[in-house]
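# Architecture at a glance
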Amino acid sequence: MDKLHTVYYFLDLAGTFAFAVSGATAARQRGLDLFGICAIAFTVACGGGIIRDVCIGAIPPAGLTTWYYLATAIFAAGMTIGLYPVVQRLNRPVLLFDAAGLSLFAVTGAQKALSYGHNGQVAVLLGIITAVGGGVLRDILLNRIPVILEKEIYASAALAGALIVVAGNYQNVLPGDWIAIIGLIICFTLRILALRYHWNLPSFPKNKNGNV
Amino acid sequence: MDKLHTVYYFLDLAGTFAFAVSGATAARQRGLDLFGICAIAFTVACGGGIIRDVCIGAIPPAGLTTWYYLATAIFAAGMTIGLYPVVQRLNRPVLLFDAAGLSLFAVTGAQKALSYGHNGQVAVLLGIITAVGGGVLRDILLNRIPVILEKEIYASAALAGALIVVAGNYQNVLPGDWIAIIGLIICFTLRILALRYHWNLPSFPKNKNGNV
Amino acid sequence: MDKLHTVYYFLDLAGTFAFAVSGATAARQRGLDLFGICAIAFTVACGGGIIRDVCIGAIPPAGLTTWYYLATAIFAAGMTIGLYPVVQRLNRPVLLFDAAGLSLFAVTGAQKALSYGHNGQVAVLLGIITAVGGGVLRDILLNRIPVILEKEIYASAALAGALIVVAGNYQNVLPGDWIAIIGLIICFTLRILALRYHWNLPSFPKNKNGNV
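Residues numbered from 1 in each chain as written. Chains lettered and ligands numbered in written order. Predicted model: local features only at pLDDT ≥ 70, side-chain atom pairs only at ≥ 80, totals over all residues. Heavy atoms only, no water.

## Here's the deal with unusual backbone geometry
Here is the rule we go by: Numbering of helices and strands runs from the N terminus; a helix is a DSSP stretch of H or I covering at least four residues, while a strand is a stretch of E covering at least two. Partly exposed residues are those whose accessible area sits between 20% and 50% of the maximum for their type, while under 20% is buried and over 50% is exposed, using a 1.4 Å probe and protein chains only.
A cis amide bond links Ile59 of chain A to the next residue, Pro60 of chain A, at an omega of -5°. Residue placement: Pro60 of chain A occurs in the loop between helix 2 (34–56) and helix 3 (62–65). Positive phi, close to 65°, is recorded for Asn143 of chain B, a residue that is not glycine. Relative to the helices and strands, Asn143 of chain B resides in the loop between helix 7 (120–141) and helix 8 (155–169). Note on Asn143 of chain B: relative accessible area 21%, which makes it partly exposed.

So, in structure tokens, the structure goes:
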């Protein structure tokens, strides 16, 4: 299963890169300066994992200690600044990488919570937070309502991936690696289909008399 | 004192429910989708307690591990979605429940910080954060200035409740349970009177020449 | 080196005071009430250190346990409310104190992370967060894009100070106290020069065709 870990490592870097690009692009569009762009890129890439690690007691958080997360975030920020037209043309692969990052972060986030001995509910919640926390922090810092709360199946795909990991943990038929791969594939597929067909979760009209 | 714990348990659920309804209602009014409404409901109900637990080292936070908090939040979100006219008519009981939750969270938040061996200042600050942290996170996520920083006696009532718990901890006359009940009643009464008579803390006019 | 610690203590209080004044002033200008002004003042003064302590496992965070931080923040809030014209005239010393606080928080933040046994990257990142985290939280709570992400050399000065502490930690020529003093002076000087000459980091024009 050494190959699997190489795949994980590649997905991890690809996801981190895509998350950082999404942060750097949004920061650049808001006119932030060099430091601001790097800070938002790093926040999107590592913010969710840092919240997870603080909540499960993995101190210091991996997002702060691991050099290649920081390097990837700064590289993505530099690319977004120096090669903006290229990054814009990369729109489609970036969305693919983003879906890869979402899936991997949801699955590994849930796995890490379980490996620290916490229960299934904690693992599901922290799997989602690992996957979407960085994007939520980006939107808070850029002063807008987090996009994942408003549209498209995004956090719900992460929920599916994390749920599969936790459910798989309570059975003895399939080995954990297989469960993780199934979680990854389902989360990734859900996200890609949602992008392709503009799937949204329902939202609800305001009540006409509503002035609560 | 078993009865007391039944009362606590009921207040805890009622408060969680009221906090979650306030989150779900605000999220629905902003047009968030199904996931967004559930996420905001859960954040209001559990966010303050999660910050407290991270600060006192109670890992993992009770808000993440306890199934009936999550269940209550999802139930409240479902009700706000499916029975919106009913929830609107419940406006008054929800405000009562909210005051109950505020009081209970302030008192039990301060108690939990003390029981982890921290000093009185930590207990007061974390009592307030337990009580109002969820609402502050709701307003940050919905991209508005936290309402508790602007108007009505809300956090100040939580401060009173937490202060009473901490003061009571330094004396030997009354048992802890009595102190907690006194704190609950004073916090609850303050909040209800503030609602009834529109009590506000002072705010301050901008200086005419003020362009600091 | 006892004198040094007296200087540290004075800088610490002066920085806390300046940070709290910046929070209280911004909160007053937004029309927050008495509690809101005190809460924002305390958040700016202690928020960065609290995030650092949670990330390095220094539980409970020093910002919550230390009485003179809270007292300084409330004193600064009271002064901003009662003596607003005086505080406005103090604009220049407050900027000096703010630069002092920035430098000290960056240097001591990095030192504290190192003293807990974490690596250089963690120390640099948490040095910056200690120095600027409170200001970022202030801007999030007041519903605006954090000013440090947009303009002036501020976080970059903190980065310089924290980098010097970490670099100094890997050599054996100069004692730690000297390193800290060099870090302080360079961070402070950078910040003051940036204020004096309106130095900004580069930001980047939006691409004309940019609709990512």
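## Digging into the confidence of the model for chain A
Residue and element names in this part refer to chain A. Rule in force here: Known as pLDDT, the predictor's confidence for each residue is given on a scale from 0 to 100. Should any heavy atoms of two residues lie within 4.5 Å, those residues are counted as being in contact.
In the predicted model, chain A carries a mean pLDDT of 85, and 94% of its residues have values of at least 70. In this model residues 208–212 is a low-confidence stretch, pLDDT under 50, and it forms seven contacts with partners more than four residues away in sequence or in other chains. Here the predicted complex scores 0.89 on pTM and 0.86 on ipTM.

## Section: the packing of aromatic side chains
The condition is simple: A pair of Phe, Tyr and Trp rings is counted when the ring centres sit within 6.5 Å of each other, with Trp represented by its six-membered ring. The angle between the planes then sorts it: under 30 degrees is stacked, over 60 is edge-to-face, the rest tilted. To sit over a ring, a charge needs its Lys NZ or Arg CZ within 6 Å of the ring centre and within 35 degrees of the ring normal.
For the structure on display, the rule yields 12 aromatic pairs over all chains. Measuring from centroid to centroid gives 6.1 Å for Phe17 of chain B and Phe75 of chain B, while their planes differ by 40°, and the two rings are tilted. Placement of Phe17 of chain B in helix 1 (residues 2–29) and of Phe75 of chain B in helix 4 (residues 67–82) is noted, with a sequence separation of 58 residues between them. One aromatic cluster is present, built from ring pairs that chain together Trp67, Tyr68 and Tyr69 of chain A. The ring of Tyr84 of chain B has Arg28 of chain B sitting right over it, with the charged end atom 4.0 Å from the ring centre.

## Quick word on the interface of chain B and chain C
For the record, the criterion: Accessible area that two parts lose when put together, with a 1.4 Å probe and added across both, is what the buried area reports. In the sections that follow, a salt bridge refers to a side-chain nitrogen of Lys or Arg positioned within 4 Å of a carboxyl oxygen of Asp or Glu. Amino acids outside the nonpolar list (Ala, Val, Leu, Ile, Met, Phe, Trp, Tyr, Cys, Pro) and the charged list (Asp, Glu, Lys, Arg) are all regarded as polar, and Gly is one of them.
On the side of chain C, 33 residues touch chain B, which itself brings 35 residues to the contact. Taking both sides of the interface into account, the surface hidden between chain B and chain C amounts to around 2700 Å²; carbon and sulfur atoms contribute 67%. Inspection of the chain B/chain C interface yields zero salt bridges. Listed by contribution, the elements that provide at least two residues to the side of chain B that touches chain C are helix 2 (34–56), helix 7 and helix 8 of chain B. Considering each element in turn, the side of chain B that touches chain C owes the most residues, seven residues, to helix 7 of chain B. For the side of chain B that touches chain C, the residue count by class is 19 nonpolar, 11 polar and five charged.

## A word on the interface of chain A and chain B
Note the threshold: Pairing of N or O atoms within 3.5 Å defines a polar contact, subject to two protein rules: one partner must be a possible hydrogen donor and the other a possible acceptor, and residues neighboring in sequence count only if both atoms are side-chain atoms.
Across the boundary between the two partners, chain A contributes 35 residues, which contact 34 residues of chain B. Counting the contacts that link chain A with chain B gives zero salt bridges. Connecting chain A to chain B are five residue pairs in polar contact (both at pLDDT 80 or more). Looking at the side of chain A that touches chain B, the elements that each hand over two or more residues are helix 2, helix 7 (120–141) and helix 8 (155–169) of chain A. Broken down by element, the side of chain A that touches chain B gets its largest block of residues, seven residues, from helix 7 of chain A. Residue classes in the side of chain A that touches chain B are distributed as 19 nonpolar, 11 polar and five charged.

## Here we look at the packing of helix 2 of chain A against helix 6 (residues 91–115) of chain A
Residues and elements named next belong to chain A. Our working definition: Axis lines are fitted through C-alpha atoms, for helices just across the contact stretch, and the angle between N-to-C directions can take any value from 0 to 180 degrees. Our angle categories are set so that under 35 degrees counts as roughly parallel, over 145 as roughly antiparallel, 65 to 115 as roughly perpendicular, and the remainder as oblique. In a left-handed crossing the near helix is turned counterclockwise from the far helix by less than a right angle, and in a right-handed crossing that turn is clockwise.
Two elements in contact, helix 2 and helix 6, have axes separated by 10 Å at closest approach and are oriented at 15°. Relative to helix 6, the element helix 2 is oriented roughly parallel. Helix-helix and strand crossings are classified by hand; for helix 2 and helix 6 the assignment is right-handed. Contacts from Ala45, Arg52, Asp53 and Ile56 in helix 2 reach Phe105, Gly109, Lys112 and Ala113 in helix 6. For the contact of helix 2 with helix 6, the per-class residue count stands at four nonpolar, one polar and three charged.

## What to know about the relation of the copies chain B and chain C
The operation relating the two chain copies consists of a rotation about an axis and a shift along that axis. The cut-off we apply is this: Copy-to-copy alignment: least squares on C-alpha atoms, limited to residues at pLDDT 70 or above in both.
Rotating chain B by 120° and translating it 0.0 Å along the rotation axis places it on chain C, where the RMSD comes to 0.0 Å. This pairing of chains is accounted for by a three-fold axis. Taking C-alpha positions as the reference, the residue of chain B nearest the rotation axis is Asn143 of chain B, at 3.7 Å. When the interface residues of chain B are mapped onto chain C, a mere 9% of them are again interface residues, pointing to distinct binding faces.

## Let's talk about the environment of Arg144 of chain A
You can see Arg144 of chain A is positioned in the loop between helix 7 and helix 8. Of the residues examined, Arg144 of chain A reaches a relative accessible area of 29% and is grouped as partly exposed. Excluding residues within four positions of it along the chain, Arg144 of chain A makes contact with Ala26, Arg30, Arg138 and Asp139 of chain A together with Asn143 of chain B.

## Description of the environment of Ser22 of chain A
All names here are of chain A. Mapped onto the elements of the fold, Ser22 is located in helix 1 (residues 2–29). When sequence neighbours within four positions are dropped, the list of residues in contact with Ser22 reads Val44 and Arg138. A polar atom in the side chain of Ser22 sits 2.9 Å from the backbone oxygen of Phe19.

## With respect to the pattern of salt bridges
Between side chains of opposite charge, a pair can form when the charged atoms approach closely. All names here are of chain A. According to the stated counting rule, one finds 12 salt bridges over all chains in the structure shown. Note that Arg52 and Asp53 form a salt bridge whose closest N and O atoms lie 2.9 Å from each other. Among the ionic pairs, Lys112 bridges to Asp53, the shortest N-O distance being 3.1 Å. Remark: Asp53 occurs in helix 2 and Lys112 occurs in helix 6; sequence separation between them is 59 residues. Asp53 gets classed as buried once you look at its relative accessible area, which sits at 0%. Shared partners join several salt bridges into a network, and the residues in it are Arg52, Asp53 and Lys112.

## Regarding a nonpolar patch on the surface
All names here are of chain A. Under the convention used in this document: Each patch is built from residues lacking any salt bridge and having more than 30% relative accessible area; the joining distance is 9 Å for like charges and 5 Å for nonpolar side chains (Val, Leu, Ile, Met, Phe, Trp, Tyr). Per-residue and other accessible areas follow the Shrake-Rupley method at a 1.4 Å probe size, with only the shown protein chains counted as cover for residues.
Judged by side-chain polarity, Val173, Leu174, Trp178, Ile182 and Ile186 come together as a nonpolar surface patch covering roughly 470 Å² of accessible area. Structurally, the position occupied by Trp178 is in helix 9 (residues 176–197). Here Trp178 falls in the partly exposed class, since its relative accessible area comes to 45%.

## Structural notes on the nonpolar core
Worth spelling out the cut-off: Think of a nonpolar core as a cluster: buried Ala, Val, Leu, Ile, Met, Phe, Trp, Tyr and Cys residues, connected wherever their side-chain atoms sit within 4.5 Å.
By size, the foremost hydrophobic cluster in this structure holds 212 residues, and its most contacted members are Val132 of chain B together with Val132 of chain C. If we ignore the near neighbours within four places in the chain, the residues touching Val132 of chain B are Leu102, Ile148, Tyr154 and Ala155 of chain B.

## Quick word on empty space enclosed by the protein
Where we set the bar: Points on a 1 Å grid, built from protein atoms alone, make a cavity when a 1.4 Å probe fits but cannot get out and make a pocket when they are open with protein on both sides within 12 Å along at least 5 of 7 lines; residues with an atom within 4 Å of a point are the lining residues. Grid points are joined across faces, edges and corners, and a volume is the space filled by probe spheres set on the points.
All chains considered together, the criterion is met by one cavity of 30 Å³ or more. Of the volumes computed, that of the largest cavity is approximately 70 Å³. Every residue along the wall of the largest cavity is listed here: Asp139, Ile140, Asn143 and Arg144 of chain A, Asp139, Ile140, Asn143 and Arg144 of chain B together with Ile140, Asn143 and Arg144 of chain C. Of all elements in the fold, only helix 7 of chain A together with helix 7 of chain B reach the threshold of two or more residues within the lining of the largest cavity.

## A closer look at helix 7 of chain A
All names here are of chain A. Stated formally: A helix is expected to reach a length of 1.5 Å times the quantity of its residues less one. The reported bend at a residue is simply the angle between two axes, fitted to the 7 residues ending at it and to the 7 residues beginning with it.
Taking 1.5 Å of rise per residue, the 22 residues of helix 7 would be expected to cover 32 Å, and the 31 Å separating its terminal C-alpha atoms lies within 8% of that figure. Along helix 7, the helix axis deviates most sharply at Val132, where the bend reaches about 50°. When you tally the buried positions in helix 7, you get 20 out of 22 residues, the bulk of the element. With its phi angle positive at about 65°, Asn143 sits one or two positions after the end of helix 7.

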